[in-house]
Amino acid sequence: MSKKFDIVIVGAGVGGLVLALVMAKKGFRVALLDREKYPRPLPRGEILQPNGLKILDQLGFLKDLLRADVYLNKKVHFYQSSGSHLCTIDYTRLQTDYAYALVLLPSVLHEILLNALAAAPEIEAFWGTTFEGVAWNASRVVGASAVRDGKSLTFECPMVIGADGAGSRVRTAFQIKHRAHAYADGYATMVVDRPEGFKEESHYYLGREMIFGAFPVSQKQTYLFYLVPTIKLEEIKQRGLNFLKNKILSLRPEIDALFQRPLEAVTTWEQTAYMRCFRVVCQRWVVHGGALLGDAAHAMNPHVAQGRNAAMVDAMILAEVLGDCFDRGDFSQKMLAPYEAARKGDIQILQALGDEMSFFWNSGFLPLVWLRDRVFKKVEQRSQLHDKLLKTVSGIQMAPFNLMDRINSVCP
């Protein structure tokens, strides 16, 4: 039996949910497919940057989000592993109504969006549903197939959207050529009780092949992440959870003083997660009757803190383009191309910046570590560099770093 919809979205992450809600508001019937039966909370935090906050405000969700238990973050402090201060990124310098970032548990925003989803009669959610493939009519996508509880489902629709992450099965079904790069390093993550003495904004500590971060995510909890090369993950697991916790606590005396007791409550690996990092570059983002958004189209290094925000921007622009497609009854690659054209330049800037950050921030090579720390200090000293970096990471104004920026970041 086949179900008919105007649009099928595969993947109920933030980008897929925002697109579903916007298209439903325009009056279109939406099928939302996700392989999870219930959204799974991960021991991880997320950062909503000013460009994402602006979208959530436009959709009417920001007030609810600000009333929730989240952390309004105005500054991010960077330190050497020795404890010496390197740089502070100050969001209050932004000339915008959203001169801050929100740091929160992913489930907080997800719950707000899911409540809106449940109240939208135009959207039918298919949880616990695994995408299988797309249906073609010549070179045009005209539907999708999936499996739920061992039963096959087919969907007829003029548009299929892949919002299913860096390992996108929809992208494969669209036969879109791409390059996927797995970074050598990932992050062990966990959420712990927030120590009473930890009252400042978010903290990064950078050393030789070492990154540790502590971000408040609520009034009572803190998100911790620690760099772990993927090749060493199994070795660390074999040594035991206490080995990982001791590595974190041994970084700095103040870290030991603050987080020794909270980390005592982390007693099983299930209370942690491992975040692998990927970059995806696609030959194109659209086909006749189909499009990709978010990590499926352009996964990027998490150092730029734009993943979920970029997915929301994708969703808003794609929704406008899809509106024109439905008005004309034309879902060709040519009609969908303005979406890709509007986003690809910004994404290329973010991906290049993420690669550069990963190269320097994660390095264990002493000359690169020295250069990294010097650049941080110059960003602290030179407002032009600080503001350009902040505007790019916050999504306010994307600008590639040119030769003069690089000279200013290292010269006296």
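Everything below is about the structure printed above this text.
All of the points below concern the structure found in this document.

1. Describing helix α11 (residues 333–361)
Here's step 1: In this model, α11 (29 residues) spans 39 Å end to end at C-alpha, consistent with the 42 Å of a helix rising 1.5 Å per residue.
Here's step 2: When the local axis directions of α11 are compared, the greatest deviation, roughly 35°, occurs at lysine 344.

2. Quick look at helix α10 (residues 307–328)
Here's step 1: In a regular helix each residue adds 1.5 Å, so 22 residues correspond to 32 Å; α10 covers 32 Å between its end C-alpha atoms and thus fits that length.
Here's step 2: Glycine 329, located one to two residues past α10, shows a positive phi value of around 65°.

3. Things to note about the side chain of threonine 189
Here's step 1: Relative to the elements of secondary structure, threonine 189 occurs in strand β15 (residues 185–193).
Here's step 2: Taking the relative accessible area as the measure of exposure, threonine 189 reaches 0% and is therefore buried.
Here's step 3: Side-chain polar atoms of threonine 189 contact the backbone oxygen of proline 43, separated by 3.0 Å.
Here's step 4: When residues no more than four places from it in sequence are discounted, the contact partners of threonine 189 are Pro43, Arg44, Tyr223, Leu224, Phe225, Gln271, Thr272, Ala273 and Met275.

4. Some words on the packing of aromatic side chains
Here's step 1: The full count for this structure, using the stated rule, is 21 aromatic pairs.
Here's step 2: Their ring planes at 70° and their centres at 5.7 Å tell us that tyrosine 204 and tryptophan 361 sit as a pair that is edge-to-face. Separated by 157 residues along the polypeptide, tyrosine 204 in strand β16 (residues 202–207) and tryptophan 361 in helix α11 bring together distant segments of the chain.
Here's step 3: Under the relative-accessibility criterion, tyrosine 204 is labelled buried at 10%.
Here's step 4: Residue classification places tryptophan 361 among the buried positions, given a relative accessible area of 9%.
Here's step 5: Between phenylalanine 359 and phenylalanine 360, the aromatic rings sit 5.1 Å apart at their centres with planes inclined by 85°, giving edge-to-face as the arrangement.
Here's step 6: Connected via pairs of aromatic rings, a cluster forms that spans Phe78, Tyr187, Tyr204, Phe215, Tyr223, Phe225, Trp361 and Phe376.
Here's step 7: Its end group placed over the ring of tryptophan 269, lysine 237 keeps NZ or CZ at 5.9 Å from the ring centre.

5. What to know about the sheet that holds strand β13 (residues 159–162)
Here's step 1: In space, the six strands of this open sheet follow the order β9-β3-β2-β13-β22-β21, with mixed pairing throughout. Each edge of the sheet is formed by a strand with only one pairing partner; in this case those strands are β9 (123–127) and β21 (286–287).
Here's step 2: Alignment of β21 against strand β22 (residues 290–292), held across two bridges, turns out to be antiparallel. Bridged to valine 287 within β22 is glycine 290.

6. A look at the sheet that holds strand β11 (residues 140–148)
Here's step 1: Strand order in the open sheet formed by four strands is β1-β12-β11-β10, with mixed pairing between adjacent strands. Only two strands of the sheet have a single partner each, and these edge strands are β1 (2–4) and β10 (129–137). Taken pair by pair, the neighbouring strands of this sheet meet at an average axis angle of 30°, ignoring direction.

7. Here we look at the pairing of strand β3 (residues 30–34)
Here's step 1: The element β3 is largely enclosed, with a buried count of five among its five residues.
Here's step 2: Across four bridges, strand β2 (residues 7–10) lies against β3 in parallel orientation. Following the sheet pairing, valine 8 is matched in β3 by alanine 31.
Here's step 3: With helix α1 (residues 14–25) bridging β2 and the parallel β3, this β-α-β connection has right-handed handedness.

8. What about the nonpolar core?
Here's step 1: Formed by 124 residues in total, the largest nonpolar core has its most connected members in Leu19, Leu65, Phe78 and Ile161.
Here's step 2: The element that contributes the greatest number of residues to this core is α10, accounting for eleven residues.
Here's step 3: With near-sequence residues (within four places) excluded, phenylalanine 78 lies in contact with Ser84, His85, Leu86, Cys87, Ile89, Tyr204, Leu206, Trp361 and Phe376.
Here's step 4: Judged by nonpolar contacts, the second largest core, of 23 residues, contains Tyr205, Met210, Leu233 and Leu241.

9. Some details on the pattern of salt bridges
Here's step 1: Taken as a whole, this structure holds 13 salt bridges when the rule is applied.
Here's step 2: Across the pair aspartate 149 and lysine 37 runs a salt bridge whose closest N-O atoms are separated by 3.7 Å. Within this pair, whereas aspartate 149 is found in the loop between β11 and β12 (151–156), its partner lysine 37 is found in the loop between β3 and β4 (46–48), the two being separated by 112 residues in sequence.
Here's step 3: Among the residues examined, lysine 37 registers a relative accessible area of 52% and is labelled exposed.
Here's step 4: Aspartate 64 is the salt-bridge partner of arginine 67, the closest N and O atoms lying 2.5 Å from each other. Of the two residues, arginine 67 and aspartate 64 both sit in helix α3 (residues 62–67), three residues apart, roughly one turn of that helix.
Here's step 5: Judged by its relative accessible area of 62%, arginine 67 is exposed.
Here's step 6: Using a relative accessible area of 34% as the deciding quantity, one classes aspartate 64 as partly exposed.
Here's step 7: One network of salt bridges, with partners in common, ties together Asp314, Arg343 and Asp346.

Conventions used here
- Residues numbered from 1 in each chain as written.
- Predicted model: local features only at pLDDT ≥ 70, side-chain atom pairs only at ≥ 80, totals over all residues.
- Heavy atoms only, no water.
- Helix = DSSP H or I, 4+ residues; strand = E, 2+ residues; numbered from the N terminus.
- Expected span 1.5 Å × (residues − 1).
- Bend = angle between axes of the 7 residues up to and from the residue.
- Buried < 20%, exposed > 50% of the residue type's maximum accessible area, 1.4 Å probe, protein only.
- Polar contact = N/O pair within 3.5 Å; in protein donor to acceptor, adjacent residues only side chain to side chain.
- Contact = heavy atoms within 4.5 Å.
- Phe/Tyr/Trp six-rings, centres within 6.5 Å; stacked < 30°, edge-to-face > 60°.
- Lys NZ or Arg CZ within 6 Å of the ring centre and 35° of its normal.
- Pairing = 2+ DSSP bridges.
- Axes fitted to C-alpha atoms, helices over the stretch in contact; angles between N-to-C directions.
- Right-handed = clockwise from strand over helix to strand, strands pointing away.
- Core = buried A, V, L, I, M, F, W, Y, C linked by side-chain atoms within 4.5 Å.
- Salt bridge = Lys/Arg side-chain N within 4 Å of Asp/Glu carboxyl O.

Remember, this is a structural readout, not a statement about activity or role.
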